[in-house]
Amino acid sequence: MKPSILYIGNDLSLNKSNVSIMSTFGPLLAKEGYKVYFASSKKDKSLRLMDMLFKVIRYSHQVNFVLIDTYSTQNFYYALLVSQLCRLFGLRYIPILHGGNLPNRLNTHPVMSASIFKHAFCNVAPSKYLKEQFEAYGYINLKYIPNMIEIQNYHFFLNRDFTLPKLLWVRSFSKIYNPLMALKVLKSLKDLGYDATLCMVGPDTDGSLAQVEELAESLSIQVKLTGKLTKKEWAKLSEDHNVFINTTDIDNTPVSVMEAMALGLPIVSTNVGGMPYLVDHGINGLLVEKNNVDDMVKAILYLFNEPEKRKLMILNARKLSETFDWQQIKMKWNEILQN
């Protein structure tokens, strides 16, 4: 019989957030025969934390492992409290390191970080970037397991229309993802005489959507704002676009970029955090410096001016995305969870 798991994270997909790792990974584990309990889908942060802690106590004698989605923002403290409760009950817990700014937490909160990560059964890093960063701070109980996608759900669409730039941006509207940069890129392309378009997909998380709307009005540009879409909906929408832009200031290895690779969209991303570990510049995408609008515009135009190199990058990106397929990733998780 496979182990039982309590999965702790923010399962807010039914609210205004994008689909979480938890809401895709958890059911995949269940399909593999693991008994999986979840916490929490409660919208209120205080109630969510209480639900997480209550579930640890409730299932403390029923589960073999506790998985904890661990981020670098306020959710870091969820991981802190849950992990300490796991220690109290003698539960094996596994932080899954999602936060692109977690290295800063290791630096600014070394004691709290150590209380979480040094006592974990192991720490799972979805990027080699975070694995290396944690190792630099002396952590050795680390496993590299990438985020997963189900490759059969992503139709590889190679023959796109590259007449004019049709930009697609998919992320939550949050300051750390720098959505305003996308508008500045569109404005610059238009100023250069290109009849470019921009579609931005995702929910608002910190008021950044209102800033996007204000900037679009002040720049006299039109931007399509779809709000939150399902993976299937934005994958279908992607067929009408020809460049995926990722404008973040802080990042790890975003699933949206992995999905864009699987769909055949050429990638232009800022070179931050774990992005150079995912996007190999000139091989499977293009990287530009953080918040550098001019360089991103040049990279986009490079894709249009070099069709053969663009095609090769698209093919290489799809090949890489296939290594993230659940059928491969699940074997790495089985090695840990059936230990």
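Our structure is the block above this text.
What comes next concerns the included structure. All values derive from a computational prediction rather than experimental measurement. (Residues numbered from 1 in each chain as written. Predicted model: local features only at pLDDT ≥ 70, side-chain atom pairs only at ≥ 80, totals over all residues. Heavy atoms only, no water.)

So, on to the environment of Asn316. Positionally, Asn316 belongs in helix H13 (residues 307-322). Sequence-wise, Asn316 and Gln74 are 242 residues apart; in three dimensions their C-alpha atoms are separated by 36 Å. Ignoring anything within four residues of it in the chain, the contact list for Asn316 reads Ile283 and Asn284. (Helix = DSSP H or I, 4+ residues; strand = E, 2+ residues; numbered from the N terminus. Contact = heavy atoms within 4.5 Å.)

The next point concerns the environment of Asn284. Turning to its location among the elements, Asn284 is positioned in the loop between helix H11 (275-278) and strand E12 (286-288). Setting aside anything within four residues of it in sequence, one finds Asn284 in contact with Met261, Ile267, Leu278, Val279, Met313, Asn316, Ala317 and Leu320. A polar atom in the side chain of Asn284 sits 2.7 Å from the backbone nitrogen of Asp280. (Polar contact = N/O pair within 3.5 Å; in protein donor to acceptor, adjacent residues only side chain to side chain.)

A word on the pairing of strand E9 (residues 224-227). The pairing of strand E8 (residues 197-201) with E9 spans 3 bridges and is classified as parallel. Paired with Val201 across the bridge in E9 is Gly227. What joins E8 to E9 is helix H8 (residues 208-219), and the crossover it makes is right-handed. (Pairing = 2+ DSSP bridges. Right-handed = clockwise from strand over helix to strand, strands pointing away.)

Side chains of Ile57, Leu88 and Phe89 sit close together on the surface and give an oily, nonpolar patch of about 300 Å² of accessible area. Inspection of the secondary structure puts Phe89 in helix H3 (residues 75-89). (Patch = residues over 30% accessible without salt bridge, like charges linked within 9 Å, V, L, I, M, F, W, Y side chains within 5 Å. Areas by Shrake-Rupley, 256 points an atom, 1.4 Å probe, with all protein chains shown as cover. Salt bridge = Lys/Arg side-chain N within 4 Å of Asp/Glu carboxyl O.)

Here we come to the nonpolar core. One finds Phe25, Leu29, Leu67, Leu168, Phe244, Trp333 and Leu337 to be the most contacted residues of the largest nonpolar core, which totals 50 residues. Of the residues forming this core, the biggest block, 7 residues, is contributed by helix H10 (residues 255-263). Apart from the residues lying within four places of it in its own chain, the contact partners of Leu168 are Cys199, Val201, Trp234, Leu237, Ser238, His241, Val243, Phe244, Ile245 and Leu265. Of all hydrophobic cores here, the second largest spans 34 residues; its members include Ala182, Met200, Val243 and Ala299. (Core = buried A, V, L, I, M, F, W, Y, C linked by side-chain atoms within 4.5 Å. Buried < 20%, exposed > 50% of the residue type's maximum accessible area, 1.4 Å probe, protein only.)

Packed helices, taken two at a time, are described by their axes: the angle between them and the distance between them. Where helix H1 (residues 21-31) contacts helix H14 (residues 326-337), the two axes come as close as 11 Å, and the packing angle between them is 75°. The angle between H1 and H14 places the two elements in the roughly perpendicular class. Within the contact between the two elements, H1 uses Phe25, Leu28 and Leu29 and H14 uses Trp326, Trp333 and Leu337. Residues that form the contact of H1 with H14 fall into these classes: 6 nonpolar, no polar and no charged. (Axes fitted to C-alpha atoms, helices over the stretch in contact; angles between N-to-C directions. Parallel < 35°, antiparallel > 145°, perpendicular 65-115°, else oblique. Nonpolar A, V, L, I, M, F, W, Y, C, P; charged D, E, K, R; others polar.)

Moving on, we get to the packing of aromatic side chains. Within a pair of aromatic rings, the relevant descriptors are the distance that separates the centres and the angle that separates the planes. Across all of its chains, the model carries 14 aromatic pairs by this definition. Ring geometry for Phe65 and Phe121: centres 5.2 Å apart, planes at 70°, overall edge-to-face. Taken together, the positions of Phe65 in strand E3 (residues 65-70) and Phe121 in the loop between helix H5 (110-117) and strand E5 (123-125) put the pair 56 residues apart, joining distant regions of the chain. The class for Phe65 is buried, based on a relative accessible area of 0%. Look at Phe121 and you get partly exposed, because its relative accessible area is 31%. Arranged with centres 5.8 Å apart and planes meeting at 55°, the rings of Tyr129 and Tyr277 form a pair that is tilted. In this pair, Tyr129 is assigned in helix H6 (residues 128-136) and Tyr277 in helix H11, connecting sequence segments 148 residues apart. On the accessibility criterion, Tyr277 (39% relative accessible area) is partly exposed. (Phe/Tyr/Trp six-rings, centres within 6.5 Å; stacked < 30°, edge-to-face > 60°.)

Pairing within the open sheet is parallel, and its 6 strands lie in the order E9-E8-E7-E10-E11-E12. Here the strands that pair on one side only, and so sit at the sheet edges, are E9 and E12. When the angles between neighbouring strand axes are averaged without regard to direction, this sheet yields 20°. Its contacts with the sheet place helix H7 (residues 179-191) against strand E7 (166-170), E8, strand E10 (243-246) and strand E11 (267-270), and it is angled at close to 170° to E8. Sitting on the sheet, H10 is in contact with E7, E10 and E11, with an inclination near 165° to E10.

So, on to the pattern of salt bridges. Per the stated rule, a full pass over the model turns up 9 salt bridges. Residue Lys330 pairs with Glu32 through a salt bridge whose shortest N-O separation is 3.3 Å. You can see Lys330 sitting in helix H14 and its partner Glu32 sitting in the loop between H1 and strand E2 (35-39), a full 298 residues away along the chain. Residue Lys330 is classed as buried on the basis of its relative accessible area of 17%. Where Lys236 meets Glu239, a salt bridge forms, and the shortest distance between an N and an O atom there is 3.4 Å.

Coordinates in, geometry out; function isn't part of it.
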